[in-house]
Structures are given as structure tokens and as C-alpha cells.
Amino acid sequence: MKQKNILVVDDEQKILEVVYSFLESQNYTVFQAENGARAFEIFEKENISLIILDLMLPDITGEEICKKIRKTSRVPIIMLTAKVEENNILEGLEIGADDYMTKPFRLKELLARVNAVLRRTSEEPVPLFDKISFDNDNFIIDFGKSLVLKNQNPVNLTPTEFNILSTLIKYPGKVFTREELIEFALGSEFEGFDRAVDSHIKNLRQKIEDNPRAPKYVLTIHGKGYKFGGD
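Residues numbered from 1 in each chain as written. Predicted model: local features only at pLDDT ≥ 70, side-chain atom pairs only at ≥ 80, totals over all residues. Heavy atoms only, no water.

Colleague: How should I be thinking about the overall build of the chain in this particular structure?
Modeller: What the chain contains, in helices and strands, is eight helices and eleven strands. Relative to its full complement of 231 residues, the chain shows a buried share of 44%. Intrachain contacts of the chain at a sequence separation of at least 6 include 54% that bridge at least 24 residues. For the chain, the accessible area works out to roughly 12600 Å², and carbon and sulfur atoms hold 48% of it. (Helix = DSSP H or I, 4+ residues; strand = E, 2+ residues; numbered from the N terminus. Buried < 20%, exposed > 50% of the residue type's maximum accessible area, 1.4 Å probe, protein only. Contact = heavy atoms within 4.5 Å. Areas by Shrake-Rupley, 256 points an atom, 1.4 Å probe, with all protein chains shown as cover.)

Colleague: Sorry, what's going on with the nonpolar core here?
Modeller: The nonpolar side chains of a soluble globular protein tend to be buried, and buried together. Phe139, Ile141, Leu165 and Ile208 are the most contacted members of the largest nonpolar core, which totals 26 residues. For this core, the elements supplying multiple residues, two or more each, are β6 (131–134), β7 (139–142), α6 (159–170), α7 (178–186), α8 (196–208) and β11 (225–228). A per-element tally of this core places α6 first, with five residues. Those residues in contact with Phe139, other than ones at most four positions away along the chain, are Ile132, Ser133, Phe134, Val148, Leu149, Lys150, Leu165, Ile208, Tyr217 and Phe228. (Core = buried A, V, L, I, M, F, W, Y, C linked by side-chain atoms within 4.5 Å.)

Colleague: How do you make sense of the environment of Val9 when you look at a structure like this?
Modeller: Tracing the backbone through its elements, the reader meets Val9 in strand β1 (residues 5–9). For Val9, a relative accessible area of 1% translates into the label buried. For the pair Val9 and Ala39, spaced 30 residues apart in the sequence, the C-alpha separation amounts to 6.4 Å. Those residues in contact with Val9 that lie beyond four places of it in its chain are Ala33, Asn35, Ala39, Ile51, Ile52, Leu53, Asp54 and Leu57.

Colleague: Is there a simple way to think about the sheet that holds strand β3 (residues 50–54) in this case?
Modeller: Strands belonging to one sheet form pairs held by backbone hydrogen bonds; the direction of such a pair is parallel or antiparallel. With parallel pairing, five strands are arranged side by side in an open sheet as β2-β1-β3-β4-β5. Edge positions in the open sheet fall to β2 (29–33) and β5 (99–102), since each of these has one partner strand only. Adjacent strand axes in the sheet meet at a mean angle of 20° when their direction is disregarded. Taken together, the four bridges between β1 and β3 define a ladder with parallel strand orientation. (Pairing = 2+ DSSP bridges. Axes fitted to C-alpha atoms, helices over the stretch in contact; angles between N-to-C directions.)

Colleague: Whenever I open this one, the pattern of salt bridges confuses me. Can you help?
Modeller: In this structure the tally under the stated criterion is 13 salt bridges. Salt bridges sharing partners connect three or more residues here, namely Asp10, Glu12, Asp54 and Lys103. (Salt bridge = Lys/Arg side-chain N within 4 Å of Asp/Glu carboxyl O.)

Listed below in C-alpha cells is the structure:
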């Protein structure tokens, strides 16, 4: 199984240390943030698979962090809260959390929640919208119709090119390795080599970018892979 990156956000140093050590021992890669500003910094830089998010932070509430992340990403979020009232828990779920745990908590139960949420969200990514546009509607992707329009003209993408593009768009900010693009976009039956992804990316850029040598939609993150760069 591919190693997953987990971001733990909590202002209690002891919780950070204990959760970090425990999840690392379970073969997860763990990033720590003691406040909201650091959490956003890590989230934008790293390829995070799941966030464990405390609601009580010194600079911004966990609820606000969750709302902001949900505007662009479906990354799974497990909320940690000392608030045990049902209304507080329901509010967290309504703004986009996938699960919650009340403090104090047992590490084994946290691990069970992490594993369960990751299993539920490990299917093919789904788009935030059925149809999305960029650059004042000059670049439009209609997922339901498998249609791409550039300057109001249809772009003739191959199924593989469309799958790669839609996969990148479905997780804004996420950096996909070649192996992940093969898994999500090309399917388990793909028998080529991972560098074949580069060829598909090159062809895709030729069709959708104004300047394929200086792309603004399909970006290369050197040493890591590819991500979508549209705003």
C-alpha cells in the first residue's frame, strides 16, 4: 500500500508528539502544525492524504480551517474536539468534516478512524462541481459530458488525456506522482511504463495551453509529479 501523508493540527505539543509517533509507527508519514497558519503552509506544500484537525487553535478555529479547505479540496478531515454537545459535532460534519473524535481519545481508536476514513475516500476522486470554468469561461471542463472547451471551441482530447486532466482538476493543489496518475487516470489494466504519463502530459499541453512550454494549467512539480494550476 502506498504510504499516506497525514497532517495533524493541534496546539497541544504533547498531543502532536504522541499522535506523530504512533501514526509513524503505523507506516504513515506525519506532518505537524501547532496553528492554522502553519497548517495551511504545509497543506499547500505537501501532498496530504488526511487531516486530523483540532477545533481550538490560537490563531484561527478548526471550523474556519475546514471551511477554507473545503472551498478547493475534498481531502478527508477528522476533527478533534473537547466539545461533546451534539450540536457542535453536527456543525463540524455539516461544514465538511468526514469524522470527529472527542478529547481525550485512545490512539487505537484514532487509528481505526483514520483507516476507515482513508478506505472510504480511496475511490476515484470526484469533482467538486459537474462543470467548472477558468479564465473567465475561456477554459471549461464539463465532467458529465466529458467535454473540454477552449475559447468556446471543443478540444479533441483522447480518453486518456481527458482522464488525466479531470483527475488533476478533481483534487486542486494535489501533486500527483506518475504512479498515482496511472492508478487514477489510466487504470489498473495499464501495462506501460510510468514515463508514458509524460508523453500524455505533453500531448495534453499541446491542446489546452496557450504556450505548452510555459503551461499554466498542467504544471510540473520537479521531483514529485504534476498538479493543476488553474485558478
